Amino acid sequence: LRRRSDEAENQRRFLEALLDSLQEGIIACDQSGVVTLFNSASRGGMEDGKYVFETFFDHYELYHGDGRTPMTRLETPLARALAGEVVRGAELVVVPESGQSRVLLASSRAIRGVDGEKMGAVMALHDVTERRAAEAALAHQALHDPLCGLPNRVLFMDRLRAALARGERAGPHPAVLFVDLDRFKQVNDTLGHDGGDEVLVAVAERLAGAVRPSDTVARLGGDEFVVLAEQVSGLGEAKAVAGRLRAAFTTGFEIRGTSVGVTVSVGISVGVGGKESAEDLLRRADAAMYLAKQRGRDRIEIAV
């Protein structure tokens, strides 16, 4: 009897060491939902291993993978497994009472005895917090200007196409305002390229502060910026937006101890639902901006 007891204890210690060596969290519960087993990777705040689903929610907040939609008790992978579902790769966000939220991938299934009766459920948790953060950072870099943090051409054109589609269905139509800094080469010659970059960042902030939250300010490259003004009632409202953009530069910038004055030339094109592409709309606004340059700079011109 003593030998059998020692063998059982050795087997328990072996399994415990095996589970604790895993990087994935392992949690098991009985048929009532009482946690009966967990390894170090899944410990979190469960010091005694006796949390039931009900008390678990007193210590943690659970959300679906979007990080905003709360996860109910019946939606947890263990509860779903107890109900007979096989869960694979469910994404959830766990927010403890204190500490950093974690993004986890959970797989869970019921545990059945030799007679087929349900004994409980087991869940494996894989922490993908760092991976998701890296993916989000890469996605942001792919769609945003590295200097100013504004949307880049790719993201701008995607939003413009979507705005044109919405305008075609229900109106009103979007306007594109092409904004170019006047005589920016002189700024670079005076301040150097690093100082010029500081001016571009300051310009981006001014432009973003001059539009509505629903509008998009993007940097196409160099000193070229573009604004997508959605749901403008017509050319008059588009001109009013352009006027606010110009007015944003009535005062200059203080860059590296030097006062820098900036003016902008603005070209406007207004979409006509279903009659032109996003590329056409941007091209017309660009042409109107160059017309503003030719006619003396620091002015607004409308695409014909």
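Residues numbered from 1 in each chain as written. Predicted model: local features only at pLDDT ≥ 70, side-chain atom pairs only at ≥ 80, totals over all residues. Heavy atoms only, no water.

Visitor: Please clarify how the packing of helix α5 (residues 153–170) against helix α8 (residues 278–294) should be interpreted in this entry.
Guide: Axes are the key here: two packed helices are described by the angle between their axes and the distance separating the axes. For the pair α5 and α8, the least separation of the axes is 9 Å and the interaxial angle reads 110°. When the interaxial angle is binned, α5 and α8 end up roughly perpendicular. Classified by chirality, the crossing of α8 by α5 is right-handed. Where α5 approaches α8, its residues Arg 153, Phe 156, Met 157, Leu 160, Arg 161 and Leu 164 are matched on the opposing element by Ala 278, Glu 279, Leu 281 and Leu 282. Along the lines of polarity and charge, the residues of the contact of α5 with α8 split into seven nonpolar, no polar and three charged. (Axes fitted to C-alpha atoms, helices over the stretch in contact; angles between N-to-C directions. Helix = DSSP H or I, 4+ residues; strand = E, 2+ residues; numbered from the N terminus. Parallel < 35°, antiparallel > 145°, perpendicular 65-115°, else oblique. Left-handed = near helix turned anticlockwise from the far one by under 90°. Contact = heavy atoms within 4.5 Å. Nonpolar A, V, L, I, M, F, W, Y, C, P; charged D, E, K, R; others polar.)

Visitor: Is there a simple way to explain unusual backbone geometry in this structure?
Guide: Trans peptide bonds make up the majority, and among non-glycine residues the majority have a negative phi. Positive phi, close to 70°, is recorded for Arg 297, a residue that is not glycine. By the secondary structure assignment, Arg 297 is in the loop between α8 and β13 (300–302). Since its relative accessible area comes to 32%, Arg 297 is described here as partly exposed. With a phi close to 50°, Asp 298 is a non-glycine residue in the positive phi region. Among the structural elements, Asp 298 can be located in the loop between α8 and β13. Note on Asp 298: relative accessible area 34%, which makes it partly exposed. (Buried < 20%, exposed > 50% of the residue type's maximum accessible area, 1.4 Å probe, protein only.)

Visitor: Can you walk me through the sheet that holds strand β7 (residues 175–181) in this structure?
Guide: Paired through their backbone hydrogen bonds, the strands of a sheet run either parallel or antiparallel. With mixed pairing, five strands are arranged side by side in an open sheet as β8-β9-β7-β12-β13. The open sheet is flanked by β8 (216–221) and β13, the only strands paired with a single partner. When strand polarity is set aside, the average angle formed by the axes of neighbouring strands in this sheet is 20°. The pairing of β8 with strand β9 (residues 224–229) spans five bridges and is classified as antiparallel. Residue pairing for β9: Val 217 is matched across the bridge by Val 227. Along the sheet face, α5 touches β7, β8 and β9 and points at about 25° away from the line of β9. (Pairing = 2+ DSSP bridges.)

Visitor: Is there a simple way to think about α5 in this case?
Guide: Residues three or four positions apart in an α-helix share a direction because the helix packs 3.6 residues into each turn. Over its 18 residues, α5 extends 25 Å from the first C-alpha to the last, a length consistent with the 26 Å expected when each residue adds 1.5 Å. Those residues of α5 not exposed but buried are Leu 155, Phe 156, Met 157, Leu 160, Ala 163, Leu 164 and Gly 167. Two or three places before Val 154, at the start of α5, stands the capping residue Asn 152, its side-chain oxygen 3.2 Å from that residue's backbone nitrogen. Gly 171 sits one or two residues past α5 and shows a positive phi near 65°. (Expected span 1.5 Å × (residues − 1). Polar contact = N/O pair within 3.5 Å; in protein donor to acceptor, adjacent residues only side chain to side chain.)

Visitor: Honestly, α8 in this entry has me stumped. Any pointers?
Guide: Spanning 17 residues, α8 covers 25 Å between terminal C-alpha atoms, matching the ideal 24 Å at 1.5 Å per step. Every buried residue belonging to α8 is among Ala 278, Leu 281, Leu 282, Ala 285, Ala 288, Met 289, Ala 292 and Lys 293, and all of these are buried. All buried residues of α8 project into a common sector of 155° when viewed along the axis, lining one side. Those residues of α8 that are exposed and aimed more than 90 degrees away from the buried face are Arg 283 and Gln 294. In this structure, the buried residues of α8 make contact with α5, β7, β8, β9, β12 (264–270) and β13. Gly 296 occupies a position one or two residues after α8 and carries a positive phi of about 120°. (Arc of directions from axis to C-beta.)

Visitor: When you look at the pattern of salt bridges in this model, what are you seeing that I'm missing?
Guide: Side chains carrying opposite charge are able to pair once their charged atoms draw close together. All told, the structure shown has 20 salt bridges when counted by the stated rule. Among the salt bridges present, the one from Lys 293 reaches Asp 180, with a minimum N-O distance of 2.6 Å. Of this pair, Lys 293 sits in helix α8 while Asp 180 sits in strand β7, and the two are 113 residues apart along the sequence. In this pair, the class of Lys 293 matches that of Asp 180, namely buried. When the shortest N-O distance is used, the salt bridge between Arg 299 and Glu 301 registers 2.8 Å. Residue Arg 299 is classed as partly exposed on the basis of its relative accessible area, which comes to 31%. Taking relative accessible area as the criterion, Glu 301 reaches 8% and is therefore assigned buried. Because the salt bridges share partners, they merge into one network encompassing Glu 91, Arg 131, Arg 132 and Glu 135. (Salt bridge = Lys/Arg side-chain N within 4 Å of Asp/Glu carboxyl O.)

Visitor: Explanation requested: empty space enclosed by the protein in the structure shown.
Guide: To find leftover empty space, a probe the size of one water molecule is rolled over the atoms. A full pass over the atoms with the stated rule returns one cavity of 30 Å³ or more. Roughly 30 Å³ of internal volume is contained in the largest cavity. Along the walls of the largest cavity sit Leu 181, Asp 182, Phe 184, Val 187, Gly 261, Val 262 and Thr 263, which together make up its complete lining. For the lining of the largest cavity, the per-class residue count stands at four nonpolar, two polar and one charged. (1 Å grid on protein atoms, 1.4 Å probe; cavity = no way out; pocket = protein on both sides within 12 Å on 5 of 7 lines; lining within 4 Å. Points joined across faces, edges and corners; volume = space filled by probe spheres on them.)

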